[in-house]
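Chain residues, written in single-letter form:
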Amino acid sequence: MDEPENAGKPTPPPPEGFVLSEGRGAFSGHNGPYFHRAQQGESTEQAFFALPRHANGLGLVHGGMLTSFLDGLMGAAVFRAARRPGVTIHLSVDFLHMARVGEWVMGESKVTRLTRDVAFVEGRAYVGGRDVVRGSGVFKLMHKRA
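Residues numbered from 1 in each chain as written. Predicted model: local features only at pLDDT ≥ 70, side-chain atom pairs only at ≥ 80, totals over all residues. Heavy atoms only, no water.

Participant: What is the right way to look at the overall build of the chain in this model?
Facilitator: A count of helical and extended segments in the chain gives two helices and seven strands. Shown N-terminal to C-terminal, the secondary structure of the chain runs as helices and strands in the order β-α-β-β-α-β-β-β-β. In the chain, buried positions account for 38% of the 146 residues. Split by element, the accessible area of the chain, about 8200 Å² in all, is 54% carbon and sulfur. (Helix = DSSP H or I, 4+ residues; strand = E, 2+ residues; numbered from the N terminus. Buried < 20%, exposed > 50% of the residue type's maximum accessible area, 1.4 Å probe, protein only. Areas by Shrake-Rupley, 256 points an atom, 1.4 Å probe, with all protein chains shown as cover.)

Structure follows, in structure tokens:
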């Protein structure tokens, strides 16, 4: 996968066990590409390779990009646990460290509590051995209309 903004350098292959995520909608399609690992255990795992378009003027991955990634990651955990989509009604993010262009940003999340109408989720994004962001969210579960 070549990214025009990556100065003609190919994006490195995703980490072992990760495959390209498709069908995530226009917003995620525009901001990705995102990758995911086949589900094992309770955690949902995703990743993205930080490109120049993901960065602020300092060459660090923008906080909005990290927040969006974490929100999507937690939403995927909700869908996996509840077998239906949820919409974010509360999101709390703590910024702990920096991620830079040219790094793989990895993420994992899991549902900590599931009720009939609401899911509570925790997640983190990390680079190497250090957490970049940690977050928690509350998602309203969507019900089919009669």
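Additional details are given in the paragraphs that follow.
Participant: Explain the sheet that holds strand S7 (residues 130-141) here, please?
Facilitator: Sheet strands pair by backbone hydrogen bonding; their relative direction is either parallel or antiparallel. Taken in spatial order, the seven strands line up as S1-S2-S3-S5-S6-S7-S4 in an open sheet, and their pairing is antiparallel. Edge strands, defined here as strands with exactly one partner in the open sheet, are strand S1 (18-20) and strand S4 (86-95). Neighbour-to-neighbour, the strand axes of this sheet turn through a mean angle of 25 degrees, independent of strand direction. Direction of pairing for strand S2 (residues 35-37) relative to strand S3 (residues 44-49): antiparallel, over a ladder of two bridges. (Pairing = 2+ DSSP bridges. Axes fitted to C-alpha atoms, helices over the stretch in contact; angles between N-to-C directions.)

Participant: Whenever I open this one, the pattern of salt bridges confuses me. Can you help?
Facilitator: Close approach of charged atoms lets side chains of opposite charge pair. What the rule picks out here adds up to seven salt bridges. Salt-bridge contacts for Arg37 lead to Glu45; the nearest nitrogen and oxygen are separated by 3.0 Å. Take Arg37: its relative accessible area is 23%, and that puts it in the partly exposed class. Accessibility expressed as a relative area gives 15% for Glu45, which makes it buried. In this structure, Lys140 and Asp117 form a salt bridge, with 4.0 Å as the shortest nitrogen-oxygen distance. Taken together, the positions of Lys140 in strand S7 and Asp117 in the loop between strand S5 (104-114) and strand S6 (118-127) put the pair 23 residues apart, joining distant regions of the chain. For Lys140, a relative accessible area of 32% puts it in the partly exposed group. When its relative accessible area of 28% is taken as the criterion, Asp117 is described as partly exposed. Taken together, the shared-partner salt bridges connect Glu108, Arg124, Asp131 and Arg134 into one network. (Salt bridge = Lys/Arg side-chain N within 4 Å of Asp/Glu carboxyl O.)

Participant: What should I look at first to understand the environment of His36 in this one?
Facilitator: Here His36 is to be found in strand S2. By relative accessible area, His36 is classed as partly exposed at 25%. Sequence separation between His36 and Glu22 is 14 residues, and the spatial gap between their C-alpha atoms is 9.7 Å. Beyond its immediate sequence surroundings of up to four residues, His36 is in contact with Gly17, Phe18, Val19, Leu20, Ser21, Glu45 and Gln46. In terms of polar contacts, His36 uses its side chain to reach the side chain of Ser21, at 2.7 Å. (Contact = heavy atoms within 4.5 Å. Polar contact = N/O pair within 3.5 Å; in protein donor to acceptor, adjacent residues only side chain to side chain.)

Participant: Teacher, can you tell me more about the confidence of the model for the chain here?
Facilitator: Do not read the predicted coordinates in detail wherever pLDDT is low. Averaged over every residue, the pLDDT of the chain is 88; residues scoring 70 or more account for 90%. Note that pLDDT drops below 50 for residues 1-5; the model gives that stretch 16 contacts with residues more than four away or on any other chain. (pLDDT = per-residue confidence, 0-100.)

Participant: What's the story with the side chain of Asp131 in this structure? I'm lost.
Facilitator: For Asp131, the location among the structural elements is in strand S7. Side chain to side chain, Asp131 and Arg124 meet in a polar contact 2.3 Å long. Polar side-chain contacts of Asp131 include one of 2.7 Å to the side chain of Arg134. The contact partners of Asp131, leaving out residues within four places of it in the chain, are Leu96, His97, Arg124, Ala125 and Tyr126.

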